Amino acid sequence: MNDLTPEEFIEACSSSQFGLGLIHPDSREAYLAACKEVEHGGTVNHEYKGLKKNGDTIYVRETLAPIRNEDGKVAKMIGTSIDITVQRQTELQLRQAQKMEAVGQLTAGISHDFNNLLAVILGNLELIRLRGDDTDIRAHTDLALAATERGARLTQQLLAYSRQITMDTVVLDPNELIRNMDDLLRRSLPATIQVETVLPAGLWHIAADRTQLESAVLNLAINARDALPGGGKVTIETANICLDDNECAKHGLEIEPGRYVMIAVSDTGFGMSPLALEGAMDPFFTTKPIGEGSGLGLAMVSGFTRQTGGHISIHSEPEHGTTVRLYFPEAAEPAQPDKRSHIEPDVRSAGPANILLVEDDEDVRAVVAAQLKELGFAILEAEDAKTGLSVLRSETRIDLLLTDVDMPGSMQGPDLVDTALKEFPHLKTVFMSGHAKGAIANANDATRAIPKLTKPVQMAELDAVISQAIHGQS
Ligand SMILES: Nc1ncnc2c1ncn2[C@@H]1O[C@H](COP(=O)(O)OP(=O)(O)OP(=O)(O)O)[C@@H](O)[C@H]1O
Ligand SMILES: [Mg+2]
């Protein structure tokens, strides 16, 4: 069980009190109490964390009973121990899976409605900001806009945690991605924190969503910053790692043997207590003061990592610092260039084009229509797919169909697009969705290739995506 020979076991038991060297520090106090109870004649059934010869933790279930001498005094203890590590890990995984499932259902339920509300708020605020000349009004709208964006980010993080996010997966070079974050990291961390990157040449590539991966690394760096109130050092390191069965078993059973790229973010900060370590990845778990942490950072990082086929591990010691390691499966393909454009608001950049907007939520429809008009497009509106189709079939020229994904009625956004493209093969199409994943899950390749906007949509993004779809420019 402890990987010790009988001689080593006896040695370990006699060299320290009750063989405490074989007990994990977390369990020592409880273990001593159990031994005392047996000394006083009791029989104990208990579970504790033990240590293997190589220092790995094992979970043990044990029964201890006293042996008395002729005088009736307790002279020795006898016991049986079973290694229940695998059972424990499976239970933990099951519990985690149940939690994910519950949060997943909850978020899928609210995020659609929530994003629609945010779309209305954000769109209207942007329009107010454009119209208002008063600097006071502008300042207030800017604050409100920032809060709306934060709201949108929170929903995204929740969706990421429950693995419901729509991912734009590309093959990328993690070193390049981290190098490009230099500026962002420097702006997010104070000068008292030294940032070191260790990015060895020849790193394998991985298939992941760029924005999500950046946001994961940034979240880890910000956690590191918060653990270093007096300054210190944050190290971001990458490495190629081959995991065999043994090493996978060490990480729990979640990960398959194979070739992985590791991205590690370590700090020399105050570390986590065992309790914080256990809860750290739970959504809404935070030890930060109200208003400072939402407790979604690590939940997002772990959800994203697992959705990408990877694995996350946290190592932390109070007073010594923390290392969070992300493992992503190798993608044996060349990296694709970063195609995301840095969108600058450029109102009225697109020429007049006729856009058919299909959206069932009246308020969302009104605000998106107003945003599009502001951008110089001509808009036709439809409240459902059937009405949309009849507009398409009418005499009016439509250059682009912008449709919601989830709509009431038998015809959803993807069905509308399918039918429309069969009749009008040159029609340009863009999806707009509150939580894109569900309805597009069964999509064919053609539907999947269609650009997608996630509500709430900022005007600059709306402009960029629609112009690109119409003119094929970025
Ligand atoms: N590098 C670290 N050092 C010490 N403690 C950490 C570190 N990273 C995370 N933690 C602990 O884990 C908790 C959860 O982290 P998480 O990133 O999920 O949420 P948060 O940072 O509290 O809030 P949010 O990221 O949503 O703003 C933190 O409150 C903190 O107690
Ligand atoms: Mg955080």
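Residues numbered from 1 in each chain as written. Chains lettered and ligands numbered in written order. Predicted model: local features only at pLDDT ≥ 70, side-chain atom pairs only at ≥ 80, totals over all residues. Heavy atoms only, no water.

**What about the overall build of the chain?**
Definition in use: Comment: elements are numbered from the N terminus, with helices defined as DSSP H or I runs of at least four residues and strands as E runs of at least two. With a 1.4 Å probe rolled over the protein chains alone, any residue whose accessible area is under 20% of its type maximum counts as buried; one over 50% counts as exposed, and the rest are partly exposed. Only heavy atoms enter the contact rule, under which two residues are in contact if any of them lie within 4.5 Å. Where accessible areas are quoted, they stem from the Shrake-Rupley method and a 1.4 Å probe; at the residue level, only the protein chains shown are allowed to cover.
Per the secondary structure count, the chain includes 16 helices and 15 strands. C-alpha extents for the chain along the principal axes are approximately 105 × 50 × 45 Å. Every one of the 474 residues in the chain was classed for burial, and the buried ones make up 43%. For the chain, the proportion of contacts with a sequence separation of at least 24, taken over those separated by at least 6, is 68%. Carbon and sulfur atoms make up 52% of the accessible area of the chain, which totals about 24600 Å².

**A closer look at the pairing of strand β2 (residues 57-68)**
Rules: Strand pairing is assigned whenever DSSP detects at least two bridges linking the two strands.
Bridge analysis of strand β1 (residues 44-51) against β2 gives eight bridges, and the strand direction is antiparallel. Bridge pairing links Glu47 to Arg61 in β2. Across nine bridges, the pairing between β2 and strand β3 (residues 74-83) is antiparallel. In the sheet register, Ile67 faces β3, and the bridge partner there is Lys76. Where β2 folds back on β3, the antiparallel hairpin that results is connected by five residues, among which Gly72 adopts a positive phi of roughly 85°.

**Comments concerning the pattern of salt bridges**
Just so we agree on the cut-off: For this analysis, a salt bridge means a side-chain nitrogen from Lys or Arg found within 4 Å of a carboxyl oxygen belonging to Asp or Glu.
Taken as a whole and assessed by the stated rule, the structure comprises 19 salt bridges. Linking Arg88 and Glu91 is a salt bridge whose minimum nitrogen-to-oxygen distance equals 3.1 Å. Placement of the pair is Arg88 and Glu91 together in helix α3 (residues 85-131), with a separation of three residues, close to one helical turn. Across the pair Arg393 and Glu423 runs a salt bridge whose closest N-O atoms are separated by 2.5 Å. Separated by 30 residues along the polypeptide, Arg393 in helix α12 (residues 385-393) and Glu423 in helix α13 (residues 413-423) bring together distant segments of the chain. Assessed through its relative accessible area of 46%, Arg393 is described here as partly exposed. By relative accessible area, Glu423 is classed as partly exposed at 37%.

**Examining the environment of Gln157**
Position of Gln157 among the secondary structure elements: in helix α4 (residues 135-161). For Gln157, a relative accessible area of 15% corresponds to the buried category. Expressed as a C-alpha distance, the spacing of Gln157 and Thr322, which sit 165 residues apart in the sequence, is 22 Å.

**Looking at the domain arrangement of the chain**
How big an interface is tends to be stated in terms of accessible area lost as the parts join. This is how it is decided: Domain delimitation in this document rests on an assignment produced automatically or drawn from a domain database. Buried area is calculated as the accessible area (1.4 Å probe) missing from two parts once they are joined, with the contributions of both summed. Each residue receives one of three labels: charged for Asp, Glu, Lys and Arg, nonpolar for Ala, Val, Leu, Ile, Met, Phe, Trp, Tyr, Cys and Pro, and polar for the others, Gly being one of them.
One can read the domain layout of the chain as domain 1 (6-83), domain 2 (88-161), domain 3 (170-329) and domain 4 (354-471). Each of domain 2 and domain 3 has a C-alpha centre, and these two points are 23 Å apart. In this assembly, twelve residues from domain 2 lie in contact with 19 residues from domain 3. For the pair domain 2 and domain 3, the two sides together bury roughly 1200 Å², of which 54% comes from carbon and sulfur. Applying the counting rule to domain 2 against domain 3 returns zero salt bridges. Secondary structure elements with two or more residues in the side of domain 2 that touches domain 3: α3 and α4. For the side of domain 2 that touches domain 3, a count of residues per class yields six nonpolar, four polar and two charged.

**Digging into the site of ligand 1**
Keep this limit in mind: Only heavy atoms are used to decide nearness, and a residue is near a molecule or strand if one of them lies within 4 Å of it. Polar contacts here mean pairs of N or O atoms no more than 3.5 Å apart (in protein, one a potential hydrogen donor and the other a potential acceptor; neighbouring residues in sequence count only if both atoms are side-chain atoms).
Residues in contact with ligand 1 amount to 18 residues; listed here are only the nearest, Asn223, Thr286, Thr287, Lys288 and Ser294. Between ligand 1 and the protein, one listed contact pairs an oxygen atom with a side-chain N or O atom of Lys288 at 2.6 Å. Take Thr322: an N or O atom from its side chain is 3.3 Å from a nitrogen atom of ligand 1. Contributions of two or more residues to the shell around ligand 1 are made by α7 (210-226) and α10 (297-307). For the shell around ligand 1, the residue count by class is seven nonpolar, nine polar and two charged.

**Description of unusual backbone geometry**
Of the consecutive residues Lys455 and Pro456, the connecting peptide bond is found in the cis state with omega at -5°. With respect to the element layout, Pro456 can be found in the loop between β15 (452-454) and α16 (459-471). Positive phi values are uncommon outside glycine, yet Asp3 reaches one of about 65°. Position of Asp3 among the secondary structure elements: in the segment before α1 (6-15). Take Asp3: its relative accessible area is 45%, and that puts it in the partly exposed class. In the Ramachandran plot, Phe284 falls in the positive-phi region, its phi being about 70° despite a non-glycine side chain. Relative to the helices and strands, Phe284 resides in the loop between α9 (274-279) and α10. Exposure remark for Phe284: the relative accessible area of 53% places this residue in the exposed category.

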